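Chain residues, written in single-letter form:
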Amino acid sequence: MVKKISKKEKSAKTSKDESQKDISESKTTSEQKISKKQKRELQKEEGIEQNQTSTGVIYVGHLPWGFIDSTLKKYFEQFGPITRIISPKSAKTGRSVGYAFIEFGDEETARIAAKTMNNYILFEKILKCSFVEDKSKYDRIFLKWKKKFEFKQRYKEHCEKMNKKKSNEEIKMMIQGLLDREEKRREKLKEMGIDYEYKGYKEIVDEYKNIHKKEINEKMKNKKNEKNLKNVKKSKNELTEKKDNKSNNKNIQKDNNKNKKQKKEKEKEKEKEKMEQEEEEEEEDEKSEENMKDEEGEEGEEMEELEDEEDEELEDIEDLEDEDDEEMEDEEDDEEEEEEEEEEEGEEEEVKNKNGEKQKNMKKIETVKKQQKLDKMKEKQKQIDNKTKNKKSEIIKGKKK
């Protein structure tokens, strides 16, 4: 709460403050900055009215639950226009605290609203309204009226911090703090002359330490007994393992001897099988060689037949050439007779040209026929070679199998 100041004190302070203001105004803003709180205190001491407007503010208390800023505005707008409203809310729950401040555009409307709504029953609650006459407090009241309220679960955050797992160092610090406070209290009681003994944190800590020591000693004893038992069990196990190893070694030797005998027998059987396979392969090779000889004989006969056919074709070609020669001779004789009869040089030249062309055509026909026959012979030879290769590959595969 702000203490009230008399008019004499105000006048004395105002003269001092004015001199200080003149000095401060001469300084630049970069050198000295006045906080908002200092400005408010200076304004209060000087008695300056911060709001010289004709506005009026009402205090409304005992508000029913669910009466928010929007509902308040709608309800109180029946008296006149409203400029600002603020209804504080609790940080724990986020609900309204139960009171609010409403600023009207005119003082008269604010006074009328305060009189009419005072002791008015609304939702089973009696409203308490009053007009705020000290206008210097307006800006202080409506400092955060534009800010939206954001509910922060501070209680939950506090609980989470307290329930968080703490390290051993933090626990030691807490215990030491409790013990120090308890010692200070006991010293104060002695100074006051009070002899009073009570069970405090120190005795509880000592009891806990004794219990903890006993538990540690019991654990150490149990560990020693367990170690002794383990050593005894190990010695017994080692003896049993040695006996088992000896018996196992004997059995292993017997098994090894049996395996060696079995291996020798298997090797003998394999050798016999190999000998039999080699004999079979030799027989198959002999048969394949005989088949190859037979096939080669057949191929030779086929080649002889093909050669005979070629010879016959060549003979036919020679016969055709002889016939062509005879025809050519007859034609020449006829031409000679015509030349003798006509005895013209121009006609003889034409006859010669015609004969040359016919000879060229005949040669071309003969070359084409020969090439065709040779191509056929080459194709037949290729087919025969492919057959022989396939037969050889089949014989080789049979040998490998």
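Residues numbered from 1 in each chain as written. Predicted model: local features only at pLDDT ≥ 70, side-chain atom pairs only at ≥ 80, totals over all residues. Heavy atoms only, no water.

1. Thoughts on the overall build of the protein chain
And step 1. A tally of regular secondary structure across the protein chain gives nine helices and four strands.
And step 2. Secondary structure elements of the protein chain, listed N to C terminal, follow the sequence α-α-β-α-β-β-α-β-α-α-α-α-α.
And step 3. Long-range pairs, those at least 24 residues apart, make up 70% of the contacts in the protein chain between residues at least 6 apart in sequence. (Helix = DSSP H or I, 4+ residues; strand = E, 2+ residues; numbered from the N terminus. Contact = heavy atoms within 4.5 Å.)

2. Considerations on the pairing of strand S1 (residues 56-61)
And step 1. Most of S1 is tucked away, with five of its six residues classed as buried.
And step 2. Bridging between S1 and strand S3 (residues 99-104) involves six bridges; their strand directions are antiparallel. What sits directly across from Ile-58, in S3, is Ile-102.
And step 3. In terms of strand pairing, S1 meets strand S4 (residues 128-132) through five bridges, oriented antiparallel. Within S4, the position partnered with Val-60 by the bridge is Cys-129. (Buried < 20%, exposed > 50% of the residue type's maximum accessible area, 1.4 Å probe, protein only. Pairing = 2+ DSSP bridges.)

3. Remarks on the nonpolar core
And step 1. Counting residues in hydrophobic clusters, the biggest one holds 25 residues, and the most contacted among them are Ile-58, Val-60, Leu-63, Leu-72, Phe-76, Ile-102 and Phe-104.
And step 2. Elements with a minimum of two residues in this core: S1, helix H3 (69-76), strand S2 (82-86), S3, helix H4 (107-117) and S4.
And step 3. Sequence-distant contacts of Phe-104, defined by excluding residues within four places in its chain, comprise Thr-55, Gly-56, Ile-58, Phe-76, Phe-79, Gly-80, Pro-81, Ile-82, Thr-83, Thr-109, Ala-110 and Ala-113. (Core = buried A, V, L, I, M, F, W, Y, C linked by side-chain atoms within 4.5 Å.)

4. Examining the sheet that holds S4
And step 1. Taken in spatial order, the four strands line up as S2-S3-S1-S4 in an open sheet, and their pairing is antiparallel. One side of each edge strand has no neighbouring strand; the edge strands of this open sheet are S2 and S4. Across the sheet, the axes of successive neighbouring strands diverge by a mean angle of 20°, strand direction being ignored.
And step 2. Set on the sheet, H4 makes contact with S1, S3 and S4; between it and S4 the angle comes to about 155°. (Axes fitted to C-alpha atoms, helices over the stretch in contact; angles between N-to-C directions.)

5. Considerations on the pairing of S2
Along any regular strand the residues' side chains alternate between the sheet's two faces.
And step 1. Most of S2 is tucked away: four of the five residues are buried.
And step 2. One ladder, built from four bridges, connects S2 with S3; its direction is antiparallel. Within S3, the position partnered with Ile-86 by the bridge is Phe-101.

6. Observations regarding the side chain of Arg-84
And step 1. Position of Arg-84 relative to the elements: it lies in strand S2.
And step 2. When its relative accessible area of 16% is taken as the criterion, Arg-84 is described as buried.
And step 3. A polar contact is formed between the side chain of Arg-84 and the side chain of Glu-103, at a distance of 2.6 Å. (Polar contact = N/O pair within 3.5 Å; in protein donor to acceptor, adjacent residues only side chain to side chain.)

7. What about the environment of Tyr-99?
And step 1. Within the secondary structure, Tyr-99 is located in strand S3.
And step 2. Those residues within four positions of Tyr-99 in sequence are excluded, and the remaining contacts are Tyr-59, Val-60, Gly-61, Leu-63, Ser-87 and Pro-88.

8. What to know about helix H7 (residues 168-191)
And step 1. End to end, H7 covers 35 Å across 24 residues, agreeing with the expected 34 Å (1.5 Å per residue, within 8%).
And step 2. Immediately beyond the C-terminal end of H7, within one or two residues, lies Gly-193, with a positive phi of roughly 80°. (Expected span 1.5 Å × (residues − 1).)

9. With respect to H4
And step 1. For H4, the full list of buried residues reads Thr-109, Ala-110, Ala-113, Ala-114 and Met-117. Taken around the axis of H4, the buried residues stretch over an arc of 135°, which confines them to a single face. In H4, the exposed positions that point more than 90 degrees away from the buried face belong to Glu-108 and Lys-115.
And step 2. The inward-facing, buried residues of H4 contact S1, H3, S3 and S4. (Arc of directions from axis to C-beta.)

10. Regarding the pattern of salt bridges
And step 1. Taken as a whole and assessed by the stated rule, the structure comprises four salt bridges.
And step 2. For Glu-107, the salt bridge identified is with Arg-111, shortest N-O distance 4.0 Å. With a gap of four residues between them, Glu-107 and Arg-111 both fall in helix H4, about one helical turn apart.
And step 3. On the basis of relative accessibility, which here comes to 25%, the residue Glu-107 falls in the partly exposed class.
And step 4. Of the residues examined, Arg-111 reaches a relative accessible area of 36% and is grouped as partly exposed.
And step 5. When the shortest N-O distance is used, the salt bridge between Glu-182 and Arg-186 registers 3.3 Å. (Salt bridge = Lys/Arg side-chain N within 4 Å of Asp/Glu carboxyl O.)

11. Here we look at the side chain of Glu-103
And step 1. Note that Glu-103 resides in strand S3.
And step 2. A residue is classified by how much of its surface remains accessible, and Glu-103, at 4% relative accessible area, is buried.
And step 3. Glu-103 has contacts with Thr-55, Gly-56, Val-57, Ile-82, Thr-83, Arg-84, Tyr-138 and Phe-142, leaving out every residue within four places of it along the chain.

12. Remarks on a nonpolar patch on the surface
And step 1. A contiguous nonpolar surface patch, about 260 Å² in accessible area, is contributed by Leu-178, Tyr-201 and Ile-204.
And step 2. Considering the arrangement of structural elements, one finds Tyr-201 in helix H8 (residues 201-342).
And step 3. Residue classification places Tyr-201 among the partly exposed residues on the basis of a relative accessible area of 40%. (Patch = residues over 30% accessible without salt bridge, like charges linked within 9 Å, V, L, I, M, F, W, Y side chains within 5 Å. Areas by Shrake-Rupley, 256 points an atom, 1.4 Å probe, with all protein chains shown as cover.)

13. What about unusual backbone geometry?
And step 1. Of note in this structure, His-62 is not a glycine but carries a positive phi near 60°.
And step 2. Along the polypeptide, His-62 turns up in the loop between S1 and H3.
And step 3. Since its relative accessible area comes to 46%, His-62 is described here as partly exposed.
And step 4. At Phe-123, a residue that is not glycine, the phi angle is positive and equals roughly 55°.

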